[in-house]
Amino acid sequence: MKFFKRTLGFYVLLFVLTTGYGQQSEKKSDVLNLKEIKTTLAQDVSFLASDSLNGRALGTVGYDVATDYVIKKFETYGVQPFFKTYNDSFLANDTKTKNIVGVVKGNDSLLSKEYIVLGAHLDHIGTAKIIGGDSIANGANDNATGVSVVLALAKHFATTKSIKRSLIFVLFGAEESGLVGSKHLANKLKELNTPIYTMLNFEMVGVPMAGKKYVAYLTGYSKSNMAEKLNDYGNREWIGFLPKAKEYQLFKRSDNYSFYKELEVPSHTLSTFDFSNYDFYHHVDDEADKMNYDFMSDLVELIIPAVTAMAYTTENEILLN
C-alpha cells in the first residue's frame, strides 16, 4: 500500500500557513530527509531485533543492551534526561528493570510546562516456539518498529526545536509483563504533578494495513477526539477506526492505557497491525527483514506534522470525550 505522496516540506508549509507557525524560521537543513529517516529506521530495527539481543526479555543482558543503545541515541541527538538520568528504574516480577525517559523542552515560557508523552515498549518476550532450530523471538514488528519511530521523532524535534510544548520520549520496560513500566511512570508523573497534555504510543507499525483507506488506527478511537485532530493536522484522513481493535480491547493492552487510567488524559496507541497483514506476532520469524521501511518512513512523515501541531497549538485541542 502506498500513501498519496506528500513531502514533509509540504506539511510544514501547510502548517505555517494555517497556524502562524512560520513566525519562527525553520532552516531546510532542520527538516529530516526521508531517505535518512528510512535508513535510520532500518538500522534501529535491525539492531534491536538482532539475534544478539535474544529477544529483549525482562531482566536479560539483551534488554540492557537495548537500553544502552537508545540512551546513546538520545545523547547523540541532544535529547536530555527527564529525571536526573535517563534511567527510570522499577521492579517487575521481582526483577529490577527500567524505562528510558528523555525530554525535548518547548520554547514557549508557558506552554513548555505542559508535556506530550511519545512512547513505545522496548522489551519483548525473549523466546517462542522453536521453528527450524530457532527459538529467539526477535520482536521486530513488536516492537522494535515502535521504538525506531520514537527515536526518529526524538531526533527530529531535538534538531528543529520547533515546539512550544515539551515532549517526553519514553521507551518502556516490562510491557510484556503487564504494562508494568508505563504504570510505574504514569504514577510517578502523577505524584510529581507533571502536567501531561496527551500520550501517543507506537506499537507494531512495520507493515502497511491490508485494503484500508486509512494508513493507521488509534486504539480507543472514541475515547477522545485525537484521531479527528490528527487527521485535521495532517490535512487528510490518515487515521481510522479498526473494529477488531475494539473487539480485542487493544486500548487496554498497551502502554497508553496506564496514562489514560492514572492521569485521565487522552492516551492512545497508533498501530498498523490489523490482524490480517502480519502472521508473526510473538513468533521467531518476527524479523527485521520483514519490515517495510518505505512504509515506515512515509508514516513518520505523517506523524511529524501531527505532533508538531499538538505541541504548538495555544489551546488544548485534544480532549477526552
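Described in the following lines is the structure provided in the data block.

Rules used in this analysis
Residues numbered from 1 in each chain as written. Predicted model: local features only at pLDDT ≥ 70, side-chain atom pairs only at ≥ 80, totals over all residues. Heavy atoms only, no water. Helix = DSSP H or I, 4+ residues; strand = E, 2+ residues; numbered from the N terminus. Buried < 20%, exposed > 50% of the residue type's maximum accessible area, 1.4 Å probe, protein only. Axes fitted to C-alpha atoms, helices over the stretch in contact; angles between N-to-C directions. Parallel < 35°, antiparallel > 145°, perpendicular 65-115°, else oblique. Left-handed = near helix turned anticlockwise from the far one by under 90°. Contact = heavy atoms within 4.5 Å. Nonpolar A, V, L, I, M, F, W, Y, C, P; charged D, E, K, R; others polar. Pairing = 2+ DSSP bridges. Phe/Tyr/Trp six-rings, centres within 6.5 Å; stacked < 30°, edge-to-face > 60°. Lys NZ or Arg CZ within 6 Å of the ring centre and 35° of its normal.

Below, the discussion takes up unusual backbone geometry. A cis amide bond, omega 5°, links Asp142 with the succeeding residue Asn143. Of note, Lys161 is a non-glycine position whose phi angle comes to about 50°, a positive value. Here Lys161 lies in the loop between α4 (140–160) and β7 (166–172). Residue Lys161 is classed as exposed on the basis of its relative accessible area, which comes to 54%.

Another point: the packing of helix α2 (residues 34–48) against α4. Where α2 contacts α4, the two axes come as close as 9 Å, and the packing angle between them is 135°. Here α2 is positioned oblique relative to α4, judged by the angle of their axes. Relative to α4, the crossing made by α2 is right-handed. Contacts from Glu36, Thr40, Leu41, Asp44, Val45 and Leu48 of α2 reach α4 at Ala140, Ala144, Thr145, Val147, Ser148, Val149, Leu151, Ala152 and Lys155. Looking at the contact of α2 with α4 residue by residue, the class counts come to nine nonpolar, three polar and three charged.

This paragraph deals with the packing of α2 against helix α9 (residues 293–310). One way to put it is that α2 packs onto α9 with a least axis distance of 9 Å and a crossing angle of 120°. The angle between α2 and α9 places the two elements in the oblique class. Handedness of the α2/α9 crossing: right-handed. Residue-level contacts link Leu34, Ile37, Lys38, Leu41, Ala42, Val45 and Ser46 of α2 to Tyr293, Asp294, Met296, Ser297, Asp298, Val300 and Glu301 of α9.

Further remarks concern the pairing of strand β5 (residues 127–131). In the sheet, β5 pairs with strand β6 (residues 134–136) via two bridges, with the strands oriented antiparallel. Opposite Ile131, over in β6, you have Asp134 as the bridge partner. Taken together, β5 and the strand that follows it, β6, pair antiparallel across an intervening segment of two residues, in which Gly132 is found at a positive phi of about 60°.

Counted under the stated rule, the structure contains 13 aromatic pairs. Both rings, one in Phe82 and one in Phe83, keep their centres 4.9 Å apart while their planes meet at 80°; by these two values the pair is edge-to-face. We note that Phe82, like Phe83, is buried. Consider the rings of Phe251 and Tyr260, whose centres lie 4.9 Å apart with planes at 75°: the pair is edge-to-face. An aromatic cluster of three or more residues is present, and its members are Tyr248, Phe273, Phe275 and Tyr281. The cationic tip of Lys164 hangs over the ring face of Tyr312; the distance from NZ or CZ to the ring centre is 4.7 Å. Geometry around Phe280 places Lys290 over its ring, the cationic atom sitting 5.2 Å from the centre.

Note that Phe273 resides in the loop between β11 (267–271) and α9. Between the C-alpha atom of Phe273 and that of Asp51, which follows or precedes it by 222 residues, the distance is 23 Å. Not counting residues up to four positions away in its chain, the partners in contact with Phe273 are Met204, Tyr217, Leu242 and Tyr278.

Looking at the element boundaries, Lys129 is found in strand β5. Residue Lys129 is classed as exposed on the basis of its relative accessible area, which comes to 69%. Discounting residues that sit within four places of it in the chain, Lys129 has contacts with Asp134 and Val284.

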